[in-house]
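Residues per chain are reported as follows:
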Amino acid sequence: MDYIKENLKEIKDNIRTVCEKQGRDPESVTLIAVTKTIDEAVVNESLKLGIRDIGENKVQEIERKYPAISKGVKWHLIGHLQRNKVKYVIDKVAMIHSVDSLRLAQEIDKRAEGIGLVMDVLLQLNIAREESKFGLDMEELYRLIEDLSRLGHIRVRGLMTMAPFVENPEEVRWVFRKMKDIFEDLKLRDFENIDMEYLSMGMTNDYLVALEEGANMLRIGTGIYGPRDYSK
Ligand SMILES: *Cc1c(COP(=O)(O)O)cnc(C)c1O
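Residues numbered from 1 in each chain as written. Predicted model: local features only at pLDDT ≥ 70, side-chain atom pairs only at ≥ 80, totals over all residues. Heavy atoms only, no water.

1. Examining the overall build of the protein
Each helix and strand counted, the protein has 9 helices and 8 strands in total. For 232 residues, the compact-globule estimate of 2.2 N^0.38 gives 17 Å, and the protein sits close to it at 17 Å. Overall, the C-alpha framework of the protein stretches about 50 × 40 × 35 Å when taken along its three principal axes. Going through the 232 residues of the protein one by one, you find that 50% of them count as buried. Considering only contacts within the protein whose residues lie at least 6 apart along the sequence, 61% involve residues at least 24 apart. Only carbon and sulfur atoms are counted for the fraction: they give 46% of the accessible area of the protein, which is about 11700 Å². Measuring between centres, the 36 positive side-chain charges of the protein sit 3 Å from its 41 negative side-chain charges. (Helix = DSSP H or I, 4+ residues; strand = E, 2+ residues; numbered from the N terminus. Rg over C-alpha atoms; globule rule 2.2 N^0.38 Å. Buried < 20%, exposed > 50% of the residue type's maximum accessible area, 1.4 Å probe, protein only. Contact = heavy atoms within 4.5 Å. Areas by Shrake-Rupley, 256 points an atom, 1.4 Å probe, with all protein chains shown as cover. Lys, Arg positive; Asp, Glu negative; His and termini not counted. Charge placed at Lys NZ, Arg CZ, Asp CG, Glu CD.)

2. Structural notes on the packing of aromatic side chains
Aromatic ring pairs are described here by two measures, namely the spacing of the ring centres and the angle between the planes. Under the criterion given, the structure shown has 1 aromatic pair. Judged by centre distance (5.3 Å) and plane angle (45°), the rings of tyrosine 66 and tryptophan 75 are tilted. Seen from the ring of tyrosine 66, lysine 71 lies directly overhead, with NZ or CZ sitting 4.7 Å from the centre. (Phe/Tyr/Trp six-rings, centres within 6.5 Å; stacked < 30°, edge-to-face > 60°. Lys NZ or Arg CZ within 6 Å of the ring centre and 35° of its normal.)

3. Section: the side chain of arginine 173
Counting through the fold element by element, arginine 173 comes out in helix H7 (residues 173-188). Under the relative-accessibility criterion, arginine 173 is labelled buried at 16%. Not counting chain neighbours up to four residues away, the residues in contact with arginine 173 comprise Val209, Glu212 and Glu213.

Right under this line is the structure:
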């Protein structure tokens, strides 16, 4: 597990450097270790190195791994969520990053009410309007957010995006900057249940640019665990 330890150290050093330059507290940045395709045993070892948040993109994988992963870690659902699968994760995850429709939000609200909790969610935006990615456009976002403020068992805690994959992350700096603008705009408005606190953006290839543009939740997989093996 030495490689994980070294990777984590490098990422944390980088986070500290950027934060110091900007006068931000590095502790205000949440690092989510993205554990998709990573064995439970490896995940558990990595949790001993100080990881407190893990991210998975598939409901099935969360269900499969959940019993074997050490308790006390916060699970984040970062991938697309179908309404009929909400019931399988509602009692397992601390935050759902991929809310992109009223119908999905209503289902989460209903299931959360059923087990007596309020689920933290982020709204996923598709800033670059990529066909291949899920997420709201600006118009949909502002329409949705008013409807969401009427739901009592979800709490909107911020925004999430996946930038297009590019070799040079400078090419997607504008995506992160636009996210931050929207985030700040929503902060100024006073909607019920809407608490703009988290800006979830930045992956292995682009997390430093995202951080520079104001991200405070980074989702990093490969950069921590190495390349994923999808053959299993
Ligand atoms: C896989 C995944 C990540 C992490 O990707 P890496 O490039 O391995 O860091 C982040 N966010 C989402 C939504 C993902 O599916």
